[in-house]
Amino acid sequence: MKPNLFQHNRILTTSVAFLCMMTLSSGLKSANAQSVCLPAPRLLTTMPMGGQTGSQVEVTITGQNLDAAEELIFSHPGITSKKQVDANGQPLPLKYEVTIAADCPTGIHEAYVMTRLGISSSRVFTVSKRPEVVRTKANTTLETAMPLDVNSLCNAVMTKQSIDYYTFHAEKNQRIVVDCGAEGIDSKLKPVLIVADENGGDLFVERRGGAIDFTAPESASYVIKVHDLTYNGGVEYFYRLSLQEIAPDEQVERLPSIQLVNSFSWPPSHYSEETLTAESEPNNQSTEAQQISLPCLVSGNFYPAADVDTFEFEAKKGEVWWIEVASERLGRLTDPFVLVQHVGKEGDQEKLTDIAELNDIPSPVKVSSNGYSYDGPPYNAGSTDVLGKVEIKEDGIHRLQLRDLFGGTRNDPSNDYRLIIRKANPDFALVGWALHMNLRNGDRNALSKPLALRGGTTMPIERVVVRRDGFNGEIDIEMTGLPTGVSATGLKIPAGQSRGILLVTAEVQAPRGLSQASVSGKALINDQNVVRPCSMASMQWPVVNAAQEIPSPRLLTQVPVSVCEIEGAPVTIAAAEDKVWEVMEGETLTIPLAHTHRCEFSGAIISLKTYGAGFEKVPDFDAPLNKATSEAVLDLKSLKTPPGEYTIAFYGSAVAKYQDCLEAVAEAEKALADAKAEVEKLSNESLKFAEVAKTATGEDKSNAEKNVQESNAKLLTAQAEFVAAEKKLKTATDRAKPKDIVDIVVSKPIRIRVKPAEKS
């Protein structure tokens, strides 16, 4: 026997009460699992990965923590977007209509999404001049091969454990270049390209990420095969397949590509391609050495395989010349090596004396030995390129040999280089990244960290410098263009050192906002203030286990900074007073600290270290995580900190019992309460109509029965909405259960003035 409508409503009401009690009890329990870094929005894929100038493209995105995704934002104003809508005008989740202006520059741009937590990490979006298509059907056999037009681009996702097939027609003697954009557009794909005849017989194979450049032997249909080197695939293995006709004497231009972290140090200031001198072959042998005069800027190629380019120049004893070679930093898979020799005579014989061997540019800071961060950052700012000095010991002819240590079997004319020989021009180049957790307990995370700030957060940005031509001075770091309520404090890179910290702080009440910031470094060189831009780097992909996947960082084209109002930092640590704390040289300074907690923590204390030149040797000290105050004691006598103005910050790591998207629980509870009220209302109406129908006659009875039917239909809809609201609340409460998440905690910057000790 079925319960009547009123009984059914009471059953639903009872289930709501039970669910609410369960929600309260579950909120008191914490998850056992421990994650690293608070949730951050990350844009992982776009499909397609680019588009043609002057076109509109339907783009679907995926990612992490993209709740309430709003506008899809691009690094160039010539690319705009709006959300796609359904037939009823409702926005479709994660789907956008992207418009690319006709005058938008071609090449690499970046896409971001603004979310409830702020701005996401970026994904490459490439603009071309050629027509573009998207593969929509499986093409994993020769019979299902997708036809392509010459001079077009195809956006696709690699099919796992398969080969993707394409066909095209070429005329006899037509020169065709087949290229595949993958790692250069943030893809995990390591492409293998094959051009085959119409029956699938292989003609040309490229396994190292290069392009296939061939001339069609006859007018016919040809086949392109694409697969991953290890036959991997899936949404993260996307690619852009380029099919292009070029003239017989035209130089092959590869698809645009991202810049690796080490490219930040190229080019040097005052560099100009207009002053290039071309390398002149043949110049492999000493008898063929190309004569150059110093200073010089030479453009050349490591081609053919095992190429050795030889140059000769006059120099005088006591001269100091700086030699720089760029090739890897141009995006080439090369390892330049320079040997400089003095050319003398011993009788009739040539006498060669080695002056210098120049090889890699070392990383400014120790790099992780494991590809993740516990013993150093997973960002390598060094390079296989060359930067070093040559001191001339004798007057006369000097010979320079330049080779690629990887080039013994590489026969690629695109492996070009730039050689600079110059007098000392002291200078510097900067790069930075959001600091990653440094754990030794088995954590192998290497995560992209967008500058998406919670209120009350101070985010540390590590900055490192490559110093040129003997520059050894201190560098001040500055960040401008920040959202309202956000400030940046640059802890300077001291003289002779290679690392500094930039602290970006969002005030507790900072409003939601987004802006494009810029970072720069300023130094005094030869009595002149020199300002240089600072590049920013980030991980291409969030790597949760670097034992299974090697992290792959790259440079960013912009520095977007956002603030979210919806969440605050788990804890904010700040000096009890916002002032300059003064202390006499050699005395002890005690700074009271105020703690603002917004959640519970695993553990009662946080061990704090100190950022800031002059104070980095402050012994670690403990601060309570269950109290509102603590204090820092700075013994300037043991630190031997000289008089001056300083800025410091305290930092450590803590395990927060983080509750994600708490506002969704409140919204779901309200929606469930509204659904419950609607069910009760319609249930009562239905019972009233049913009572009327029992006693009514004639037309009144007919109308009453009609009212009962209409009311029951509305009630069934309301009951379905109630059940959906129950499920939504359960999902929200499950998501909001406390989870142990460890992250970096940094205090707000603290200003200190050390005054000279009074003379007795």
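Residues numbered from 1 in each chain as written. Predicted model: local features only at pLDDT ≥ 70, side-chain atom pairs only at ≥ 80, totals over all residues. Heavy atoms only, no water.

Draft legend 1. Molecular detail of helix α3 (residues 662-695). Taking 1.5 Å as the rise per residue, α3 with 34 residues should run 50 Å; its terminal C-alpha atoms sit 51 Å apart, in good agreement. If you check which residues of α3 are buried, you get Val665, Ala668, Leu672, Ala675, Val679, Leu682, Ser683, Ser686 and Ala693. (Helix = DSSP H or I, 4+ residues; strand = E, 2+ residues; numbered from the N terminus. Expected span 1.5 Å × (residues − 1). Buried < 20%, exposed > 50% of the residue type's maximum accessible area, 1.4 Å probe, protein only.)

Draft legend 2. View of the pattern of salt bridges. Scanning all chains against the criterion turns up 49 salt bridges. One salt bridge in this structure joins Arg254 and Asp179, with 2.8 Å as the shortest N-O distance. Of this pair, Arg254 sits in the loop between β20 (238-245) and β21 (277-278) while Asp179 sits in strand β15 (residues 175-181), placing them 75 residues apart in sequence. A relative accessible area of 33% places Arg254 in the partly exposed class. Between Glu582 and Arg753 there is a salt bridge; the shortest N-O distance is 2.5 Å. Here Arg753 lies in strand β50 (residues 750-755) and Glu582 lies in strand β42 (residues 580-584), a separation of 171 residues in the sequence. Judged by relative accessible area, Glu582 falls into the partly exposed class, the value being 41%. (Salt bridge = Lys/Arg side-chain N within 4 Å of Asp/Glu carboxyl O.)

Draft legend 3. Region of interest: the side chain of Arg130. Tracing the backbone shows Arg130 in the loop between β10 (123-128) and β11 (132-134). Buried charge Arg130 goes without a salt bridge, the closest partner of opposite sign being Asp179 at 7.3 Å. Only 2.9 Å separates the side chain of Arg130 from the side chain of Ser242, close enough to count as a polar contact. With residues up to four places along the chain from it excluded, the contact list for Arg130 reads Gln52, Asn151, Ser152, Leu153, Ser242, Leu243, Gln244 and Leu255. (Lys, Arg positive; Asp, Glu negative; His and termini not counted. Polar contact = N/O pair within 3.5 Å; in protein donor to acceptor, adjacent residues only side chain to side chain. Contact = heavy atoms within 4.5 Å.)

Draft legend 4. Structural context of the packing of aromatic side chains. Using the criterion set out here, one finds 13 aromatic pairs in the structure. When the ring of Tyr611 is compared with that of Tyr651, the centres are 3.8 Å apart and the planes differ by 10 degrees; the resulting orientation is stacked. Here Tyr611 is found in strand β45 (residues 605-611), whereas its partner Tyr651 is found in strand β48 (residues 644-658), with 40 residues between them in sequence. Classification of Tyr611 by relative accessible area gives buried; the value is 4%. The class of Tyr651 is partly exposed, set by a relative accessible area of 21%. (Phe/Tyr/Trp six-rings, centres within 6.5 Å; stacked < 30°, edge-to-face > 60°.)

Draft legend 5. Examining the state of the cysteines more closely. All told, the structure shown has 0 disulfides when counted by the stated rule. The closest cysteine sulfur to the non-disulfide-bonded Cys564 is located on Cys661, 11 Å from its own sulfur. For Cys564, a relative accessible area of 1% gives the class buried. Unpaired in this structure, Cys599 has its nearest cysteine sulfur neighbour in Cys564, at a distance of 14 Å. Residue classification places Cys599 among the partly exposed residues on the basis of a relative accessible area of 23%. (Disulfide = S-S within 2.5 Å.)

Draft legend 6. Local environment of the sheet that holds strand β47 (residues 629-635). If you walk across this open sheet you meet the 3 strands as β41-β43-β47, and the pairing is antiparallel. What marks the edges here is a single partner per strand, and that holds for β41 (571-575) and β47. For this sheet, the mean inter-axis angle between neighbouring strands, taken without regard to orientation, is 25 degrees. Summarising the sheet, β41 and strand β43 (residues 588-597) pair through 5 bridges and their orientation is antiparallel. Across the sheet, the residue bridging to Ile573 is His595, located in β43. (Pairing = 2+ DSSP bridges. Axes fitted to C-alpha atoms, helices over the stretch in contact; angles between N-to-C directions.)

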